[in-house]
Number of protein chains: 2
Amino acid sequence: MMKKKTERQLEIRKIILDGKVHSQEELLMQLKKKGFELTQATLSRDLKLLQVAKVPHPAKGYIYVIPGAEKREEASQKNRVNFLADGFKDIQFSGNLAVVKTLPGYANSIAAVIDRAAPWEIIGTVAGDDTILLIQREGITKSDLINALINVMPNLRDKL
Amino acid sequence: MMKKKTERQLEIRKIILDGKVHSQEELLMQLKKKGFELTQATLSRDLKLLQVAKVPHPAKGYIYVIPGAEKREEASQKNRVNFLADGFKDIQFSGNLAVVKTLPGYANSIAAVIDRAAPWEIIGTVAGDDTILLIQREGITKSDLINALINVMPNLRDKL
DNA sequence: ATTTCAATTGCAAAATTATGCATTTTTATT
DNA sequence: AATAAAAATGCATAATTTTGCAATTGAAAT
């Protein structure tokens, strides 16, 4: 009745979504605890089918994730983010620094969003009331940085 | 002058973004061809730092990707997608089928979006002019499917 | 029920990736 | 410039993941 496989993959999915899996062996244990019988080889194949990715996590070493499954939370945040982009006024460059001017009071929120997204191109930010200082990574060009910003706040696209 | 590392990682980034890397050895070759000298060990560490993920690809086996870097194209498509969600009218379930009713003419576009996203919960779709038939995977619940749809078109959230 | 074909899985080995440790290279300090 | 401290890297190996192949299991057809 070919149901074992489906059920198993469904369970794998759930476990992965909790974001606490560091290796296939570990996942295998959890599955066995829940009564599934299989080997790591089969698991590897399941993960391939489910397109489960192994991604480095700054703190936890490596974790397994399901790419498509962006959490609801993150999705709805995008609206807020795009709203904030309205506060953006202008950007100027000097060496490895970029200075962003915003409407009064917007600087901190926007900087927070950037920090949160932590684009690789930007090492860090400092924000006042209507100004944000972005320190960019060595070897990054202006357009790299602009792209990074657009990536964080799609709406900026039109204002740059 | 500690510049080699930065440059190298920058190059790694570029290569990965082209989406044609299947293994570290392969990437290593490309880097060497471009004049970088390093071992697989260092590369592994670089990838960890850059948070490069190894993800199964239906056709190509496995490819390395940079999670955060969603392509501009994809990002801007989201607007179109959310616009389409306006055409959504209603959804009904029967067994492992779901029937979506849309405004006249919307069915095909919406189905196309779903097909493209290819959520795991949905095996396939058939679309007429104002009706879409969704065939769901075995073992999936109604709410699983609804969540999958919301994942594809965030704006649906409010209409369900 | 028996046979046939395809799908699923385990086993064992190959392939790939991660890491401890020693060494080299950079950076900072005096 | 010399020395000390920190960062980066290679080597060798361990750990993990993937895969070819044979065996098993389930489904379909006669």
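Residues numbered from 1 in each chain as written. Chains lettered and ligands numbered in written order. Predicted model: local features only at pLDDT ≥ 70, side-chain atom pairs only at ≥ 80, totals over all residues. Heavy atoms only, no water.

(A) Spotlight on the overall build of chain A. Looking only at helices and strands, chain A has seven helices and six strands in total. In sequence order, the secondary structure elements of chain A are arranged as α-α-α-β-β-α-β-β-α-β-β-α-α. Within chain A, the fraction of its 160 residues that count as buried is 38%. Within chain A, counting contacts between residues at least 6 apart in sequence, those at least 24 apart form 47% of the total. When the accessible surface of chain A is split by element, carbon and sulfur atoms take 51% of a total near 9100 Å². (Helix = DSSP H or I, 4+ residues; strand = E, 2+ residues; numbered from the N terminus. Buried < 20%, exposed > 50% of the residue type's maximum accessible area, 1.4 Å probe, protein only. Contact = heavy atoms within 4.5 Å. Areas by Shrake-Rupley, 256 points an atom, 1.4 Å probe, with all protein chains shown as cover.)

(B) Highlighting the packing of aromatic side chains. Under the defined criterion, the tally for this structure stands at zero aromatic pairs over all chains. In this structure, lysine 54 of chain A is placed above the aromatic ring of tyrosine 62 of chain A, and the distance from its NZ or CZ to the ring centre is 5.2 Å. (Phe/Tyr/Trp six-rings, centres within 6.5 Å; stacked < 30°, edge-to-face > 60°. Lys NZ or Arg CZ within 6 Å of the ring centre and 35° of its normal.)

(C) Main features of the pairing of strand S4 (residues 97-102) of chain B. Residues and elements named next belong to chain B. What you see with S4 is a clean split: Ala98, Val100 and Thr102 sit on the buried side and Leu97, Val99 and Lys101 on the side with no burial. The pairing of strand S3 (residues 88-94) with S4 spans six bridges and is classified as antiparallel. By the bridge assignment for S4, phenylalanine 88 is matched with threonine 102. The turn linking S3 back onto S4 is made up of two residues, and glycine 95 within it adopts a positive phi angle of 60°. Inspection of the sheet shows S4 paired to strand S6 (residues 131-136) by five bridges, in the antiparallel sense. Note that in S6 the partner of lysine 101 across the bridge is threonine 131. (Pairing = 2+ DSSP bridges.)

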